[in-house]
Every structure is written in structure tokens, then in C-alpha cells.
Amino acid sequence: MAVFVRSAPSLLAERLSELRTTLETDRASARREIAAGERELAKPTVPDEGIAHGAAADLYDRELRLSEISRFTRELYEIEAALGRMRAGVYGFCVDCGRPIPLDRLVAQPRSPRDLDCARHTEREATL
């Protein structure tokens, strides 16, 4: 189990407010996208009578919308987890090894829970 230091590296501390704002903006956007997708799914579909390709297109559109909702739901979970790490004082540290996550990685991917080495390891394990 990783041991976490309760203070972020100084460069991260300087950018923490900016990163929090980015995460909160992304959270609001993900929530809007999920709600919009759910509204689209709730609309009744009325395919043209006797046109099989219309029904197939409707099914494809629904599957695409479900996939988008799933992606935004996963992103929302990751954003909430990152905000939780901020509240706990462990944001910026890898959840696996406890090493600091480089600031450039956090700026590019503010919800990232792992440093690059651990992220690669986790991805490799997932493909096995």
C-alpha cells in the first residue's frame, strides 16, 4: 500500500485552483451531456412504416447515444474521484505507488489518478 504525503509538490500547489476549476467545468459538461443523452433516449422513435433501414438507423442512433452516455458517465466518475482526492489532500500523487504525478500530466489530464509508469502497467494488465 502506498504512503501518501499530505502536501502537493509546490508547482502543483500553485496550479491546484486552476486544476480544480478545470475539473469542475468538466464535471458540469459531463452532467449536461449525460442529461442530453438521456433526453434523446426518452424521445419516442417512430420509424417510417415498412422501411427496415429506418428502424436500423434508429437502433444505431440509440446504441451510439448509449455509448456516449456510458463514456460521459465514466468521465464523471473519474472527475468526482479526482475532486475527492483533492478534498482528501492526496491529489497529485499516484494512487498505486504514491509518487508525485508530473504537473504536465495533470495539466493535460487533470483526472489522472496514476503516474505514467503505473498507468502503463495498469493498461498492460487490463489487456491480459
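Now for a description of the structure that goes with this document. (Residues numbered from 1 in each chain as written. Predicted model: local features only at pLDDT ≥ 70, side-chain atom pairs only at ≥ 80, totals over all residues. Heavy atoms only, no water.)

1. Looking at the overall build of the chain
Then comes step 1: Looking only at helices and strands, the chain has four helices and zero strands in total.
Then comes step 2: Reading the helices (α) and strands (β) of the chain from amino to carboxyl end gives α-α-α-α.
Then comes step 3: Burial status across the chain gives 26% buried among its 128 residues.
Then comes step 4: Taking all contacts inside the chain whose residues are at least 6 apart in sequence as the whole, residues at least 24 apart take part in 63%.
Then comes step 5: Here the chain displays about 8,700 Å² of accessible surface, and carbon together with sulfur accounts for 55% of that area. (Helix = DSSP H or I, 4+ residues; strand = E, 2+ residues; numbered from the N terminus. Buried < 20%, exposed > 50% of the residue type's maximum accessible area, 1.4 Å probe, protein only. Contact = heavy atoms within 4.5 Å. Areas by Shrake-Rupley, 256 points an atom, 1.4 Å probe, with all protein chains shown as cover.)

2. Re the nonpolar core
Then comes step 1: Judged by nonpolar contacts, Leu12, Leu19, Leu23, Ile79, Ala82, Leu83, Met86, Tyr91, Cys94, Ile101, Leu106 and Cys118 together constitute the single largest core of 12 residues.
Then comes step 2: Those elements that place two or more of their residues in this core are helix H1 (10–42) and helix H2 (52–88).
Then comes step 3: Those residues in contact with Leu19 that lie beyond four places of it in its chain are Leu12, Met86, Tyr91, Leu103, Leu106, Val107 and Pro110.
Then comes step 4: Within the second largest apolar cluster, six residues are counted, among which are Ala30, Ile34, Ile69 and Phe72. (Core = buried A, V, L, I, M, F, W, Y, C linked by side-chain atoms within 4.5 Å.)

3. With respect to the packing of aromatic side chains
Then comes step 1: Under the criterion given, the structure shown has zero aromatic pairs.
Then comes step 2: Its end group placed over the ring of Phe72, Arg71 keeps NZ or CZ at 4.3 Å from the ring centre. (Phe/Tyr/Trp six-rings, centres within 6.5 Å; stacked < 30°, edge-to-face > 60°. Lys NZ or Arg CZ within 6 Å of the ring centre and 35° of its normal.)

4. Describing the state of the cysteines
Then comes step 1: Counting across every chain of the model gives zero disulfides.
Then comes step 2: Not part of a disulfide, Cys94 finds its nearest cysteine sulfur in Cys118, a span of 3.6 Å.
Then comes step 3: Cys97 carries a free sulfur, and the closest cysteine sulfur to it, the one in Cys94, is 3.7 Å from it.
Then comes step 4: Classification of Cys97 by relative accessible area gives partly exposed; the value is 29%. (Disulfide = S-S within 2.5 Å.)

5. Quick look at the pattern of salt bridges
Then comes step 1: One pass over the full model with this rule turns up 10 salt bridges.
Then comes step 2: The partner of Glu80 in a salt bridge is Arg27, with the nearest N and O atoms 3.4 Å apart. With Glu80 in helix H2 and Arg27 in helix H1, the pair connects residues that are 53 residues apart, well separated along the chain.
Then comes step 3: Its relative accessible area of 27% is what places Glu80 among the partly exposed residues.
Then comes step 4: Of the charged contacts in the structure, one is a salt bridge between Asp117 and Arg99, with a shortest N-O distance of 3.8 Å. Taken together, the residues Asp117 in helix H4 (residues 116–127) and Arg99 in the loop between H2 and helix H3 (103–108) connect sequence positions 18 residues apart.
Then comes step 5: With a relative accessible area of 48%, Asp117 lands in the partly exposed category. (Salt bridge = Lys/Arg side-chain N within 4 Å of Asp/Glu carboxyl O.)

6. Thoughts on the side chain of Asp115
Then comes step 1: Topologically, Asp115 is positioned in the loop between H3 and H4.
Then comes step 2: By relative accessible area, which is 4% here, Asp115 ends up buried.
Then comes step 3: In this view, Asp115 contacts Cys94, Cys97, Arg99, Pro100, Ile101 and Arg105; residues no more than four positions away in its chain are not counted.

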